[in-house]
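The chain contents come next:
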Amino acid sequence: NLKGAKLCQANFENSNFLFAELCNSNLSDSDLQNANFAGANLQYAKLMRTILSNADLSAVSFVRAQLGGAVFLEANLMGTDFGDIEGPVDFSYANLYETYFVGETLFCPCFEGANLEDSNFAYADMINADFSNANLSGANFYKARLYRANLFNAKCTGTFFYRTDFDDADLSDVDLTDAILKPIQ
């Protein structure tokens, strides 16, 4: 149990935090590459500028976590809950299969090349998001706002875009095979 622990600027590369209780902890500016956080509770945690590349973060709760500047390059975030996260985040090439972003407001998140298959973005506000080359197959964007989003070359097969706002979005070379598109009225 590491609730409220202050572990700033630590090197926990390749460490095991399986099912760890890290609620309210501060891991800002730490190196957590290749660490295993599967099933951990990181609610209200501070992870600003933390490197989480190649980490296993499957089924982690990041509810109200501060993730500004965090890097999740090629991390496994399958089934993760990002309720009310703060800060721009880099999810480039991460596995975000079935991840929950319902109602999130994110400024400049980078999902370039990420696997977001079957993820839920209902009511989300993704401002200047980069979804280029991402797999969004089967994702739910019900009433989401993708203002100035970059979806260049994104795979959106079977994606649910019901009343999704694409204001100033780049939809060039997007694969919309079997996508459900219903305009805003």
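What you see is a predicted model, and the numbers here were worked out from it, not measured in a lab.

What should I look at first to understand the overall build of the chain in this one?
Scanning the chain for helices and strands turns up zero helices and four strands. The order of α-helices and β-strands along the chain, N terminus first, is β-β-β-β. The C-alpha radius of gyration computed for the chain amounts to 16 Å, which stays within 12% of the reference 16 Å derived for 185 residues, consistent with globular compactness. If you line up the chain on its principal axes, its C-alpha atoms span 50 × 25 × 20 Å. Relative to its full complement of 185 residues, the chain shows a buried share of 46%. Taking contacts inside the chain between residues at least 6 apart in sequence as the whole, the part at least 24 apart equals 0%. Where the 11 positive side-chain charges of the chain centre and where its 24 negative ones centre are 10 Å apart.

I tried to follow the pattern of salt bridges on my own but got confused; where do I start?
Two side chains bearing opposite charge may form a pair once their charged atoms approach each other closely. Summed over the entire model, instances satisfying the criterion amount to two salt bridges. The residue Asp29 makes a salt bridge to Arg49 at a minimum N-O spacing of 2.7 Å. Note that Asp29 is positioned in the segment before strand S1 (105-107) and Arg49 in the segment before S1, a separation of 20 residues in sequence. For Asp29, a relative accessible area of 33% gives the class partly exposed. Here Arg145 makes a salt bridge to Asp125, at a shortest N to O gap of 3.3 Å. In this pair, Arg145 sits in the loop between strand S2 (125-127) and strand S3 (160-162) while Asp125 sits in strand S2, placing the two residues 20 residues apart along the sequence. In this structure Arg145 comes out as partly exposed when scored by relative accessible area, which is 31%.

I would appreciate a short explanation of the state of the cysteines in the present structure.
What we call a disulfide is simply a covalent bond connecting the sulfur atoms of a pair of cysteines. Going through the model one piece at a time under the given rule, you end up with zero disulfides. Free cysteine: Cys8, not disulfide-bonded; nearest cysteine sulfur from Cys23 at 16 Å. A relative accessible area of 13% means that Cys23 is categorised as buried.

Even after reading the chapter, I still don't get the packing of aromatic side chains, so can you show me in this structure?
How two aromatic rings sit relative to each other is given by the distance of their centres and the angle of their planes. Inspection of the entire model under this criterion finds 19 aromatic pairs. Ring centres of Phe121 and Phe131 lie 5.8 Å apart, and the angle between their planes is 85°; on these two criteria the pair is classed as edge-to-face. Separated by ten residues along the polypeptide, Phe121 in the loop between S1 and S2 and Phe131 in the loop between S2 and S3 bring together distant segments of the chain. In this pair, the class of Phe121 matches that of Phe131, namely buried. Centroid distance Tyr123 to Tyr142: 5.4 Å. Interplanar angle 85°. Geometry classified as edge-to-face.

Just checking my understanding: could you explain the environment of Gly158 for this structure?
Within the secondary structure layout, Gly158 lies in the loop between S2 and S3. By relative accessible area, which is 31% here, Gly158 ends up partly exposed.

In this structure, what is going on with the nonpolar core? I would like to understand it.
Soluble globular proteins tend to pack their nonpolar side chains together in the buried interior. Of all hydrophobic cores here, the largest spans 53 residues; its most connected members are Phe37, Phe62, Phe72, Phe111 and Phe131. Setting aside anything within four residues of it in sequence, one finds Phe37 in contact with Phe17, Leu22, Leu32, Leu42, Leu52, Asp56, Leu57, Ser58 and Val60.

In this structure, what is going on with unusual backbone geometry? I would like to understand it.
With a phi close to 55°, Gln9 is a non-glycine residue in the positive phi region. Here Gln9 shows up in the segment before S1. A positive phi angle, close to 60°, is found at Asn133, a residue other than glycine. By the element assignment, Asn133 lies in the loop between S2 and S3.

About the thresholds
Residues numbered from 1 in each chain as written. Predicted model: local features only at pLDDT ≥ 70, side-chain atom pairs only at ≥ 80, totals over all residues. Heavy atoms only, no water. Helix = DSSP H or I, 4+ residues; strand = E, 2+ residues; numbered from the N terminus. Rg over C-alpha atoms; globule rule 2.2 N^0.38 Å. Buried < 20%, exposed > 50% of the residue type's maximum accessible area, 1.4 Å probe, protein only. Contact = heavy atoms within 4.5 Å. Lys, Arg positive; Asp, Glu negative; His and termini not counted. Charge placed at Lys NZ, Arg CZ, Asp CG, Glu CD. Salt bridge = Lys/Arg side-chain N within 4 Å of Asp/Glu carboxyl O. Disulfide = S-S within 2.5 Å. Phe/Tyr/Trp six-rings, centres within 6.5 Å; stacked < 30°, edge-to-face > 60°. Core = buried A, V, L, I, M, F, W, Y, C linked by side-chain atoms within 4.5 Å.

Take it as geometry only, folks, not as evidence of what the structure does.
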